[in-house]
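Observations on chain architecture
Listed below, chain by chain, are the residues.
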Amino acid sequence: RIWLTALLKAFRATKDEYLQTFVLDQMRWCACTCHAPKIRALADAAASDHVKEYITWTASEADGSAF
């Protein structure tokens, strides 16, 4: 929980597409179903459409809908 909170904060603190993508990749490893809404809420801070797509994918992996 602590790591995910730090990742959410780091995502919102940057507009760098690479850094946002890196943070989302980290979230893929530690997020669970309850975190999916928080991940989807990051779309308003996304640096690009690519990052928005990655947000959708990461959230769907977290909530299990990607499988």
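Please refer to the structure higher up on the page.
The structure displayed is predicted, hence computed values, not measured ones.

**A look at the pattern of salt bridges**
Across all of its chains, the model carries 4 salt bridges by this definition. Between Asp44 and Arg12 there is a salt bridge, with its nearest N and O atoms 3.2 Å apart. With Asp44 in the loop between helix 3 (36–40) and helix 4 (49–63) and Arg12 in helix 1 (residues 2–13), this residue pair connects regions lying 32 residues apart in the sequence. What makes Asp44 exposed here is its relative accessible area of 61%. A relative accessible area of 43% places Arg12 in the partly exposed class. With a shortest N-O distance of 3.0 Å, Arg28 and Asp25 are connected by a salt bridge. Remark: Asp25 and Arg28 occur in helix 2 (residues 17–30); sequence separation between them is 3 residues, near one turn of the helix. Judged by its relative accessible area of 29%, Arg28 is partly exposed. Linked through salt bridges whose partners overlap, the residues forming this network are Asp25, Arg28 and Glu61.

**Let's talk about the packing of aromatic side chains**
All chains considered together, the criterion is met by 1 aromatic pair. For the ring pair Tyr54 and Trp57, a centre distance of 5.2 Å and an interplane angle of 25° mean the geometry is stacked. With Tyr54 and Trp57 both in helix 4 and 3 residues apart, this pair spans about one turn of that helix. Taking relative accessible area as the criterion, Tyr54 reaches 10% and is therefore assigned buried. Exposure remark for Trp57: the relative accessible area of 40% places this residue in the partly exposed category.

Rules and cut-offs
- Residues numbered from 1 in each chain as written.
- Predicted model: local features only at pLDDT ≥ 70, side-chain atom pairs only at ≥ 80, totals over all residues.
- Heavy atoms only, no water.
- Salt bridge = Lys/Arg side-chain N within 4 Å of Asp/Glu carboxyl O.
- Helix = DSSP H or I, 4+ residues; strand = E, 2+ residues; numbered from the N terminus.
- Buried < 20%, exposed > 50% of the residue type's maximum accessible area, 1.4 Å probe, protein only.
- Phe/Tyr/Trp six-rings, centres within 6.5 Å; stacked < 30°, edge-to-face > 60°.

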